[in-house]
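Given next are the chains, with one letter for each unit.
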Amino acid sequence: MNDTLPQEFWTGVDQFNQGLFYACHDTLEALWIEAAQPQKTFYQGILQIAVALYHLGNHNWRGAAILLGEGINRLNSYQPDYGGVDITALITKSHQLLMALHESGPENIEEFAAQLKLGQEISDNVALMPRILLVSN
């Protein structure tokens, strides 16, 4: 774990990785509101990806697509890693998910979300659910 980020952040990471995206949103939003740069944009990028995944679970194709794109864009400058988090891996998985979401289209959102929830491979033998990974030292 990294000493520069507060314990609440790591709680949000655990929530994200467990698929508790609404709880992750609440945890990270509280940090984001109080944060200064560079953490503010970092928190916001992860928060937006979490909310995108929440939207996906509610079959909101547009909300998922928009927030995935915004989260990816916010996190780009934090690559390859920041605060002990593998940002490149998170962006890569999120981008793969975004591309698969666009290929699937809004009319297939329910099936797409069900496959993702079940951990099924969506396309090109890639399981697409993003996870927040720690940098290995």
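Please refer to the structure higher up on the page.
Residues numbered from 1 in each chain as written. Predicted model: local features only at pLDDT ≥ 70, side-chain atom pairs only at ≥ 80, totals over all residues. Heavy atoms only, no water.

(A) View of the overall build of the chain. Helix and strand content of the chain: six helices and two strands. Start at the N end of the chain and walk to the C end: the helices and strands fall as α-α-α-α-β-β-α-α. Counting across all 137 residues of the chain, residues that qualify as buried make up 45%. Within the chain, contacts between residues separated by at least 24 positions form 61% of all contacts whose residues are at least 6 apart in sequence. For the chain, the exposed surface amounts to about 7,300 Å²; the carbon and sulfur share of it is 50%. (Helix = DSSP H or I, 4+ residues; strand = E, 2+ residues; numbered from the N terminus. Buried < 20%, exposed > 50% of the residue type's maximum accessible area, 1.4 Å probe, protein only. Contact = heavy atoms within 4.5 Å. Areas by Shrake-Rupley, 256 points an atom, 1.4 Å probe, with all protein chains shown as cover.)

(B) View of the packing of aromatic side chains. Per the counting criterion, the structure on display carries nine aromatic pairs. Aromatic pair Phe-9 and Tyr-43: ring centres 5.8 Å apart, planes at 35°, arrangement tilted. Pair noted here: Phe-9 is in helix α1 (residues 7–17) and Tyr-43 is in helix α3 (residues 39–57), with a separation of 34 residues, a long-range link. With respect to class, Phe-9 is no different from Tyr-43; both count as buried. In this structure an aromatic cluster arises from ring pairing among Phe-9, Trp-10, Phe-42, Tyr-43, Tyr-78 and Tyr-82. Of note, Lys-40 hangs over the ring of Trp-32, and the distance from its end group to the ring centre comes to 4.9 Å. (Phe/Tyr/Trp six-rings, centres within 6.5 Å; stacked < 30°, edge-to-face > 60°. Lys NZ or Arg CZ within 6 Å of the ring centre and 35° of its normal.)

(C) Broad picture of the nonpolar core. Among the nonpolar cores identified, the biggest contains 41 residues, and Phe-9, Phe-16, Phe-42, Leu-56, Leu-75 and Leu-101 are the most heavily contacted of them. Breaking this core down by element, the ones donating at least two residues are α1, α2 (21–34), α3, α4 (61–75), α5 (87–104) and α6 (109–117). Top element by residues in this core is α3. It accounts for ten residues. If we skip the residues at most four places from it in the chain, Leu-75 touches Phe-42, Gly-45, Ile-46, Ile-49, Ile-87, Leu-90 and Ile-91. (Core = buried A, V, L, I, M, F, W, Y, C linked by side-chain atoms within 4.5 Å.)

(D) A look at the packing of α2 against α3. Relative to each other, α2 and α3 sit at 160°, their axes nearing to 9 Å. One finds that α2 runs roughly antiparallel with respect to α3. Viewed along their axes, α2 and α3 form a crossing whose handedness is left-handed. For the pair formed by α2 and α3, the contact residues are Phe-21, Tyr-22, Cys-24, His-25, Leu-28, Glu-29, Leu-31, Trp-32 and Ile-33 on the first element and Lys-40, Tyr-43, Gln-44, Ile-46, Leu-47, Ala-50, Val-51, Leu-53 and Tyr-54 on the second. Residues of the contact of α2 with α3, tallied by class, amount to 14 nonpolar, two polar and two charged. (Axes fitted to C-alpha atoms, helices over the stretch in contact; angles between N-to-C directions. Parallel < 35°, antiparallel > 145°, perpendicular 65-115°, else oblique. Left-handed = near helix turned anticlockwise from the far one by under 90°. Nonpolar A, V, L, I, M, F, W, Y, C, P; charged D, E, K, R; others polar.)

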